[in-house]
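# Understanding the architecture of this molecule
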Amino acid sequence: MNRGLTERVREVFSGDCLDEEVPGYSARPLQISLAEAVGRAIHTGGIHLFEAGTGIGKSMAYIVPALLSGSRIFISTATITLQDQLANKDVPAVVAALGSDAGVCVLKGRNNYLCLRKWDRGRTRVESDEDFTSWAGSTADGDITSYKHELHPSVWRHFRSDHLDCAGSACPFRGGCHFYRARSEARKADVLILNHHLLVSGLAAEEVLPGADVLVIDEGHRLEDAASECLGLALGEAVLLPIFDGIAFSEMDTQRKALLLELARKLSSYVTELTYGVTETGPWDPVEHMEGLSKVVIAAKELASEVEGDEELQPAAQAASAVGTTAGMFQELSTEEYCCFVETEGRHPLLKAVPLDIGPDLREMVYSRFDTTILTSATLTVAGEFDFFRDRLGAWDAVCRSFGSPFDYAGQAVLSIPDGLPPHDSHEDLAVTVWHWGRKLAEALGGRTLMLFTSYRNLKLVKDMAERELPQGLELLTQGEMSRSGILRDFRASGRAVILGTASFWEGVDLPGSMLQAVVIDRLPFASPGHPLTRARMDLIERRGGSSFARYSLPLAAVRLKQGVGRLIRSMDDTGVVMIMDRRIVTRPYGRIFLDSIPPFRIVHEDMVLDFVMEHCLGSGVSSSKGSVEDAGPGDQA
Ligand code: SF4
């Protein structure tokens, strides 16, 4: 390694400049080791996977050497919340501590910026409140994150910048365009903070992002899902909105407007027919929909050619052409390489095609553009090995290193897997036992309990019991009844609450101190093979001669469990209890993989759980009502 850089990294961490600029900073040996490894990686180049356990302070550990190296850097995070945390807090603090003159810039996906052309055309036609009108008229950067009131997504969809209908150089508002200004600032930055979606789609589109020497991908375990989405296809009602708005907001005469809206409705009905009657777990094969896809291609062409030459309608024509092109691409798809399925979560079904193996694409489109790529996360290993992520992320030749965590897990927390649990698939009996322990812990701790479920069905069974039997004075916060951020806000404010959560609560929830002291997990979190994407990924592994259980289901579940139990201990002073209500972790041979993947909690018999609570949790820990720095769940999309 470049000796100068190593020494400067050590000097910074052993000196007092970080203490002065970073509130609550204290030097940590593991953090210094990670920072030195990042420095070496920047010097040698190549791809690196660095697992940094919770509590290391990994952001500082990569920001310091990256800035000291004088390289041009991209830092990519999984969510906008984490992007803002880096941009507003961590990076400026290190820049100030080092006295660096590096220019730092944050760039978000274009859907996060107000489109001035659409605002000009649509503001009198779409109902929105005064606060939003005032924000849209005065915002300096057009970044919707700076709007501090509630805004319904159905309003924002009309006004956000979108590649489908951006007028580009023909736009009369191009000079003041928020998105293009942000992009041009990004080109000048020494440190560019972006997110995985923008990173992958920007690099795939070639011209969107400037070049850089070093890429740090934080929350690297979430890169596969983000990249799969960016490199796939999507078709549904939602992508037709720019067409309808383009026509509806135009100044043409009523007769012509009616004709064009009729053509748009025809296109819309053909798109809807493609997903008609298909459930989220049902298969969708393009071969069976060739005729329907052709109808979409023809209707899109008809609409685009009808408005050709009409300058005002060019964005709508462009959006219609894009819909036709996407339908044509669905017709060409190889089902060996892509999985097609219908997502039904939003208001309208969305037809998706997702590539099954994005490793080669990540190598070619992402890693190859940088001298050094560093993927980091608290969850990159399974039973101490990096094979799973190395394989999924196409980082076959990566240098891998795990840095552990500074926490004394065996001293700070206990893990119990009760005897005599019902089988994992007897939902009703299991729910009774899960609630029995959830209630006991919540009663002893006065709330402070997070119950994580592998299915909404199990959550609902426990919720019904909890509503009847919740000890007095405690509050029940259930996913599905309010937003994730609302639940976390109320949990912190209450101090006496129990959360019942599924998917998005398994990661990104940061409740340090005595706010959270018990985590109860209903089952080992194997992904449902009923989902077409999971099934297709498993089939691909089998076709290539591998075991889909050993190479996909098991490691994926182990990572998930690691994330779930990782909600408990968030600082050196935290104490608490984890209960896993699934005996397979101790009775099946593969259970060892789970136990070797999660932090080394002390395993105790269930009879000792409440003793531990009495001795180590009540009145201990750092009571904290401060807001979380993360809470960036999978739903917080970039
Ligand atoms: S250039 Fe594109 S994004 Fe910017 S204001 Fe014009 S249409 Fe909107």
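Residues numbered from 1 in each chain as written. Predicted model: local features only at pLDDT ≥ 70, side-chain atom pairs only at ≥ 80, totals over all residues. Heavy atoms only, no water.

Inspection of the secondary structure puts Phe244 in helix 12 (residues 241–248). For Phe244, a relative accessible area of 22% puts it in the partly exposed group. Along the sequence, Phe244 and Ile593 sit 349 residues apart, while their C-alpha atoms lie 52 Å from each other. (Helix = DSSP H or I, 4+ residues; strand = E, 2+ residues; numbered from the N terminus. Buried < 20%, exposed > 50% of the residue type's maximum accessible area, 1.4 Å probe, protein only.)

Sheet strands pair by backbone hydrogen bonding; their relative direction is either parallel or antiparallel. Strand order across the open sheet formed by 7 strands is 13-14-12-15-16-11-17, with parallel pairing between neighbours. Two strands lie at the open edges of the sheet, namely strand 13 (475–478) and strand 17 (602–603), each paired on one side alone. Packing against the sheet, helix 19 (residues 427–445) makes contact with strand 12 (449–452), strand 14 (497–501), strand 15 (518–521) and strand 16 (576–580), and its axis sits at approximately 165° to strand 12. Helix 26 (residues 609–617) contacts strand 11 (413–416), strand 16 and strand 17 of the sheet and is inclined by roughly 160° relative to strand 16. (Pairing = 2+ DSSP bridges. Contact = heavy atoms within 4.5 Å. Axes fitted to C-alpha atoms, helices over the stretch in contact; angles between N-to-C directions.)

This part is about helix 7 (residues 130–138). All buried positions along helix 7 are accounted for by Phe132, Trp135 and Ala136. Seen end-on, helix 7 carries its buried residues on one side only, within an arc spanning 95°. Of the exposed residues in helix 7, those oriented more than 90 degrees away from the buried face are Glu130, Gly137 and Ser138. Residues of helix 7 that are buried in the fold lie against helix 6 (116–122) and helix 8 (153–159). (Arc of directions from axis to C-beta.)

Right, let's talk about the domain arrangement of the chain for a bit. The domain architecture assigned to the chain consists of domain 1 (3–103 + 189–230 + 358–402), domain 2 (110–176), domain 3 (233–355) and domain 4 (409–617). With 18 residues of domain 1 at the contact, the number on the domain 4 side is 17 residues. Summed over both partners, the interface of domain 1 with domain 4 comes to about 1300 Å²; 54% of that surface belongs to carbon and sulfur atoms. Applying the counting rule to domain 1 against domain 4 returns 4 salt bridges. A salt bridge links Asp391 to Arg551; the shortest N-O distance between them is 2.8 Å. At the boundary of domain 1 with domain 4, the tally comes to 7 residue pairs in polar contact (both at pLDDT 80 or more). Every element with two or more residues in the side of domain 1 that touches domain 4 is listed here: helix 11 (223–230) and helix 17 (387–392). For the side of domain 1 that touches domain 4, the element with the most residues is helix 17, which contributes 4 residues. (Domains from an automatic or database assignment. Buried area = accessible area lost by both parts, 1.4 Å probe. Salt bridge = Lys/Arg side-chain N within 4 Å of Asp/Glu carboxyl O. Polar contact = N/O pair within 3.5 Å; in protein donor to acceptor, adjacent residues only side chain to side chain.)

Here we come to the pattern of salt bridges. Evaluation of the coordinates by the stated rule reveals 35 salt bridges. Between Glu251 and Arg125 there is a salt bridge, with the nearest N and O atoms lying 3.9 Å from each other. Separated by 126 residues along the polypeptide, Glu251 in the loop between helix 12 and helix 13 (254–275) and Arg125 in the loop between helix 6 and helix 7 bring together distant segments of the chain. Here the residues in one salt-bridge network are Glu224, Asp225, Arg392 and Arg537, joined through shared partners.

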